[in-house]
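Chain and residue survey
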Amino acid sequence: MVIITLQRQKCIGCNYCVELAPEQFQMSKKDGKSVLLHAQEKKGFYTLKTPDGSAYQPSKEAAKACPVNIITTKLV
């Protein structure tokens, strides 16, 4: 199980996450911030839980590249 979390309100719209993990992220045309696809929102945290293990590595790279450190990725 891969768990990816995004603190969307702190996003600065740099687009690194989309470039590194386009299967999980895209940029919003409304406000220019990152969107974690198929995520559940709770108190400003957007979380995606997926059994797809191939999502882990790209998401981990996106988390590492994020200049404001608002993405976390866990392999459970």
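Going by the structure above, here's the rest.
This structure is a prediction, so every number in the text was calculated from the model and none was measured.

Cut-offs used in this document
- Residues numbered from 1 in each chain as written.
- Predicted model: local features only at pLDDT ≥ 70, side-chain atom pairs only at ≥ 80, totals over all residues.
- Heavy atoms only, no water.
- Helix = DSSP H or I, 4+ residues; strand = E, 2+ residues; numbered from the N terminus.
- Rg over C-alpha atoms; globule rule 2.2 N^0.38 Å.
- Buried < 20%, exposed > 50% of the residue type's maximum accessible area, 1.4 Å probe, protein only.
- Contact = heavy atoms within 4.5 Å.
- Lys, Arg positive; Asp, Glu negative; His and termini not counted.
- Charge placed at Lys NZ, Arg CZ, Asp CG, Glu CD.
- Pairing = 2+ DSSP bridges.
- Axes fitted to C-alpha atoms, helices over the stretch in contact; angles between N-to-C directions.
- Core = buried A, V, L, I, M, F, W, Y, C linked by side-chain atoms within 4.5 Å.

**Side note on the overall build of the chain**
- In terms of regular secondary structure, the chain is built from two helices and six strands.
- What you see in the chain, going N to C, is helices and strands ordered as β-α-β-β-β-β-α-β.
- In terms of overall dimensions, the chain is globule-like: its C-alpha atoms have a radius of gyration of 11 Å, near the 11 Å expected for 76 residues.
- Looking at the chain as a whole, 38% of its 76 residues are labelled buried.
- Contacts spanning at least 24 positions in sequence make up 61% of the contacts within the chain whose residues lie at least 6 apart.
- Charge-centre separation for the chain: the mean point of 11 positive side chains lies 10 Å from the mean point of 6 negative side chains.

**Some details on the sheet that holds strand S5 (residues 45-50)**
- The strand order S4-S5-S1-S6 describes an open sheet built from four strands, whose pairing is antiparallel. Two strands in the sheet have a free side with no partner beyond their single neighbour: strand S4 (40-42) and strand S6 (71-75). Within this sheet the neighbouring strands show an average axis-to-axis angle of 20°, counted without direction.
- By the bridge criterion, three bridges tie S4 to S5 in an arrangement that is antiparallel. By the bridge assignment for S5, Glu-41 is matched with Tyr-46.
- Across the sheet, helix H2 (residues 56-65) touches strand S1 (2-7) and S6, and the angle it forms with S6 is around 150°.

**Here's the deal with the nonpolar core**
- In this structure, Ile-4, Phe-25 and Ile-71 are the most contacted members of the largest nonpolar core, which totals 16 residues.
- Those elements that place two or more of their residues in this core are S1, helix H1 (16-20) and H2.
- Every residue in contact with Phe-25, bar those within four places of it in the chain, is listed here: Ile-4, Leu-6, Cys-17, Val-18, Ser-34, Val-35, Leu-36, Leu-37, Ala-62 and Ile-71.

**Side note on unusual backbone geometry**
- The residue His-38 is not glycine, and still its phi comes out positive at about 65°.
- Residue position: His-38 is located in the loop between strand S3 (34-36) and S4.
- A relative accessible area of 72% places His-38 in the exposed class.
- Within the chain, Lys-43 stands out as a residue other than glycine whose phi angle is a positive 55°.
- Its location among the elements puts Lys-43 in the loop between S4 and S5.
- Its relative accessible area of 75% is what places Lys-43 among the exposed residues.

Geometry only, nothing functional implied.
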